[in-house]
Amino acid sequence: MTETFQITLEQAEAYETYLVPAVTGQWADPLLAIAGVGPGDRVLDVACGTGVLARAAAGRTGGDVVGIDLNPAMLEVARRIRPDLAWRQGDAAALPCGDGTFDAVLCQAAVFFFPDVDAALAEMARVVRPGGMVAIHTFAGLDDQPVYGPFIDAVLGQAGADARRLVDTYFSCGDVSALRTALEGAGLRVERTSSPMGVASYASWDALIDAEVRSTPLADRLTDRQLAEIRVEAEELLRGHRTPEGALDVPIRAHLVAARREEV
């Protein structure tokens, strides 16, 4: 994760309050399933954020879970929610863990933040035991996202083109073939892939803006007037995705890839 993506405690709280239930939380159980995580497994959640995946893993394993993130604010929120789990500050490219320590090493909605993806995957391969699994969740590229492409264009119309990296980064590791190649380059054997279409659910237009803008570093770049303009454009773009109750269900495609470290 680069300095650009270091966020404040307020933004980390907003991430947990808005983005986790709306978008990221739904992928925790599918990622654990594709990795085959079960009772007694020791699990590492790399770039854990506020800990939604680690919390879900603890429910399956009995609690032997470690979450690592570079961002202190994210870890502060994670500790507040689950003080019983192990939370550590650390870089994905230099994990503070011994070789072969974990049965499963997981990374949800974060690989696209890493300055050196290959180095991070090599570290994941190092700390998983022989025969253990490394599983990655990322989002499909914008060409495979029926709604988020136009929405991002609307945001950039207000934030400026120089903010593109803050909003399209989430879709920048959406090539499954490239991710497979990178995992194999780290000495892992890809066993399972899946590309499900999920739903980003928001209670209202304002909840969408809170989740996708206010809980990100974009919040520091936009005025209240610009946020209001984004809301107007979002209403027009997403009108067809309103539920009868007035909420929003926005399609979003993910990729899940599970790879095994070869037995020695």
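None of the values given here were measured: they were computed from a predicted structure. (Residues numbered from 1 in each chain as written. Predicted model: local features only at pLDDT ≥ 70, side-chain atom pairs only at ≥ 80, totals over all residues. Heavy atoms only, no water.)

Details of empty space enclosed by the protein
Then step 1. Throughout the structure, instances matching the rule amount to 3 cavities of 30 Å³ or more.
Then step 2. Forming the boundary of the largest cavity are 39 residues, of which Tyr15, Leu19, Ala109, Phe113 and Tyr170 lie nearest the centre.
Then step 3. At the level of elements, helix 1 (9-22), helix 3 (52-61), helix 6 (148-159), helix 7 (164-168) and helix 9 (205-214) are the ones that each hand at least two residues to the lining of the largest cavity.
Then step 4. The dominant element in the lining of the largest cavity, judged by the number of residues it contributes, is helix 6, at 4 residues.
Then step 5. Its residues assigned to classes, the lining of the largest cavity comprises 28 nonpolar, 8 polar and 3 charged.
Then step 6. Here the second largest cavity defines a volume of roughly 70 Å³. (1 Å grid on protein atoms, 1.4 Å probe; cavity = no way out; pocket = protein on both sides within 12 Å on 5 of 7 lines; lining within 4 Å. Points joined across faces, edges and corners; volume = space filled by probe spheres on them. Helix = DSSP H or I, 4+ residues; strand = E, 2+ residues; numbered from the N terminus. Nonpolar A, V, L, I, M, F, W, Y, C, P; charged D, E, K, R; others polar.)

Examining the pairing of strand 4 (residues 102-108)
Then step 1. Most of strand 4 sits out of view: 6 of its 7 residues are buried.
Then step 2. Here strand 1 (residues 43-46) pairs with strand 4 via 3 bridges, running parallel. Note on strand 4: the bridge partner recorded for Leu44 is Val105.
Then step 3. Alignment of strand 4 against strand 5 (residues 128-139), held across 6 bridges, turns out to be parallel. (Buried < 20%, exposed > 50% of the residue type's maximum accessible area, 1.4 Å probe, protein only. Pairing = 2+ DSSP bridges.)

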